[in-house]
Amino acid sequence: MARITFYYRDVAASGGGLILGIETSCDETAAAVVRRGSEILSNAVASQIAVHTPYGGVVPELASREHLRNILPVVRTALEQAGATYSDIDAIAVTEGPGLAGALLVGIGFAKALALALGKPLIAVNHLEGHIHAVLLADAPDGPLPGQQSLALVVSGGHTHLYLAENRTAAASNDEAPSAGGASTAWTYRNIGRTVDDAAGEAFDKVAKLLGLGYPGGPWIDALAPHGNPEAVPFSFSQIKAKVHRRGDPRALDPTEETYFSFSGIKTAMLRYTKVYEMGPSVETRRAALAALDNPKPADALPLCDKRTLDLIASFQRSVIDDLRRKTFRAAERYNAERVIVSGGVAANRELRVRFTAEASERHLPIAFPSIALSTDNAAMIAAAAWPKFVAGTFAAEGLTAEPSLALGR
Ligand code: KG4
Ligand code: ZN
């Protein structure tokens, strides 16, 4: 307890409150310096897109190797951009999970060594909580009030989850209480929805690959969809029937308890569609033409797509986004959420932002997204999520290790 109090006093006295965040859960090596959970001083990201592009997806072994190569230069860049030195940092925060085991271990090993060498506290952060805090960073001035329930959709390449998030802020009651932010903030989460198979971002990536587009697929589909008719191919999202009615089966889904997403069906429907309309040769022509370019961009794919392909892309995107939108707002209504937040890589999607914003305004619900840069994986969100833990003195145990399947909330 004495050690914890020292840190609070230190922060309050120095006006510091600088947290160095480190994120290596998937294919971005990222480090950032954030002051008091809200002011981003630097946000460095080394993308591995070029490494994984030839494979059309993340290769875990290559990801770990790249993290090892990049971690030190990325941390140095983050400190340099922040105008800070190691001694200015008050704590080091690192992603504990979920993610790829080998990739997580690189960040955790580095953060532990740094914390030990510098004698600074280490804070373990759940990657999903990081994504939620990416929105709170952008939303800071008029973000959720203490006690308000936010309905959070975390939608990325690895996740499609719905949470009820609540800021349980309480004023510090005595001198010994944590006081770095003037109050003790703690977030609680309740998981009320999830995908039963693929994540939405994974569906974007797999469909882009199927159509001979670049990796990761989300930005390609986002850029091409406005050129097609979103109502041309009416995909239907069938009800999730699997195991719903098997009583006593621990894996059974209980539709009264949770909202379920499923994106493997639309992927199969897309495959079937390309077969029925014999699109294979044109897909191969497009793939080869893009592979011949130095650094292909979605704009390069546009002249390589016929009307049927563009209509298919637009219809796919509309179906996925409308399914996310319907289920998110249905859950917001059911749980009386007072605001909606959407985060994760797919939250960068323009059509998603437009359609979610329109529905929120019809329902008079405030809605918030992270900036585009903070939608995809970054370390600023990890440092931001670590701040309430720093204030509360919740530090990582010495034995901290990677938790590839770490869940968030209850
Ligand atoms: O959050 P993120 O960087 O990593 C995970 O935690 O998974 O999300 C990456 C995912 C990829 O599937 C990528 O295709 C998708 O986010 N994504 C998008 C867009 N930008 C990235 N999906 C749709 N539209 C976008 N503009
Ligand atoms: Zn992520």
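This section reports on the structure supplied with the text. Since this is a predicted model, take the numbers as computed values, not measurements. (Residues numbered from 1 in each chain as written. Chains lettered and ligands numbered in written order. Predicted model: local features only at pLDDT ≥ 70, side-chain atom pairs only at ≥ 80, totals over all residues. Heavy atoms only, no water.)

What follows deals with the overall build of the protein chain. Regarding its fold elements, the protein chain presents 14 helices and 13 strands. In the protein chain, buried positions account for 53% of the 410 residues. When contacts within the protein chain are restricted to residue pairs at least 6 apart in sequence, those whose partners lie at least 24 apart make up 75%. If you sum the accessible surface of the protein chain, you get close to 18000 Å²; carbon and sulfur atoms cover 54% of it. (Helix = DSSP H or I, 4+ residues; strand = E, 2+ residues; numbered from the N terminus. Buried < 20%, exposed > 50% of the residue type's maximum accessible area, 1.4 Å probe, protein only. Contact = heavy atoms within 4.5 Å. Areas by Shrake-Rupley, 256 points an atom, 1.4 Å probe, with all protein chains shown as cover.)

Our next topic: the environment of lysine 267. Note that lysine 267 resides in helix 8 (residues 264-276). Along the chain, lysine 267 and leucine 210 lie 57 residues apart, while their C-alpha atoms are 9.1 Å from each other. The residues contacting lysine 267, other than those within four sequence positions of it, are Asp198 and Lys206.

This next bit is on the packing of helix 8 against helix 11 (residues 307-334). At their nearest, the axes of helix 8 and helix 11 sit 12 Å apart, and the two run at 165 degrees to each other. In terms of axis orientation, helix 8 runs roughly antiparallel to helix 11. Relative to helix 11, the crossing made by helix 8 is right-handed. Between helix 8 and helix 11, the contacting residues are Ile266, Met270, Tyr273 and Thr274 on the first element and Arg308, Leu312, Phe316, Ser319 and Val320 on the second. Residues of the contact of helix 8 with helix 11, tallied by class, amount to 6 nonpolar, 2 polar and 1 charged. (Axes fitted to C-alpha atoms, helices over the stretch in contact; angles between N-to-C directions. Parallel < 35°, antiparallel > 145°, perpendicular 65-115°, else oblique. Left-handed = near helix turned anticlockwise from the far one by under 90°. Nonpolar A, V, L, I, M, F, W, Y, C, P; charged D, E, K, R; others polar.)

Within the protein, the zinc ion (ligand 2) binds to His127 (NE2), His131 (NE2) and Asp377 (OD); these donor distances fall in the range 2.0 to 2.1 Å. One can describe the donor arrangement at the zinc ion (ligand 2) as irregular, given that its 4 donor atoms subtend angles of 96 to 138 degrees at the metal. One chain supplies every donor to the zinc ion (ligand 2), and in sequence these donors are spaced H-x3-H-x245-D. Of this pair, histidine 131 sits in helix 5 (residues 127-138) while aspartate 377 sits in the loop between helix 13 (372-375) and helix 14 (380-392), placing them 246 residues apart in sequence. (Donors = N, O, S within 2.8 Å, 3.2 Å for Na, K, Ca; no water. Tetrahedral: all angles 85-135°; square planar, octahedral: opposite > 155°, others 65-115°.)

On the basis of which strands lie adjacent, the open sheet formed by 6 strands has the order 11-10-7-6-12-13 and mixed pairing. Looking at strand neighbours, the two that pair on one side only are strand 11 (259-261) and strand 13 (367-368), the edges of this open sheet. Sheet topology places strand 7 (residues 160-167) next to strand 10 (residues 187-195); 7 bridges connect them, and they run antiparallel. For tyrosine 163, the partnering residue across the bridge sits in strand 10 and is asparagine 191. (Pairing = 2+ DSSP bridges.)

Core analysis: the largest hydrophobic core is formed by 50 residues, its most contacted members being Leu151, Leu213, Phe316, Leu324 and Val342. For this core, the secondary structure elements donating two or more residues are strand 6 (149-155), strand 7, helix 6 (200-210), helix 7 (217-224), helix 8, helix 11, strand 12 (339-343) and helix 12 (350-362). No other element matches helix 11, which puts 11 residues into this core. Setting aside anything within four residues of it in sequence, one finds leucine 213 in contact with Ala208, Trp220, Ile221, Leu224, Arg286, Leu290, Ala301, Cys305 and Ile313. Ala44, Ile108, Phe110 and Leu114 belong to the second-largest nonpolar core, a separate cluster that totals 28 residues. (Core = buried A, V, L, I, M, F, W, Y, C linked by side-chain atoms within 4.5 Å.)

Treat this as a map of the structure, not an account of what it does.
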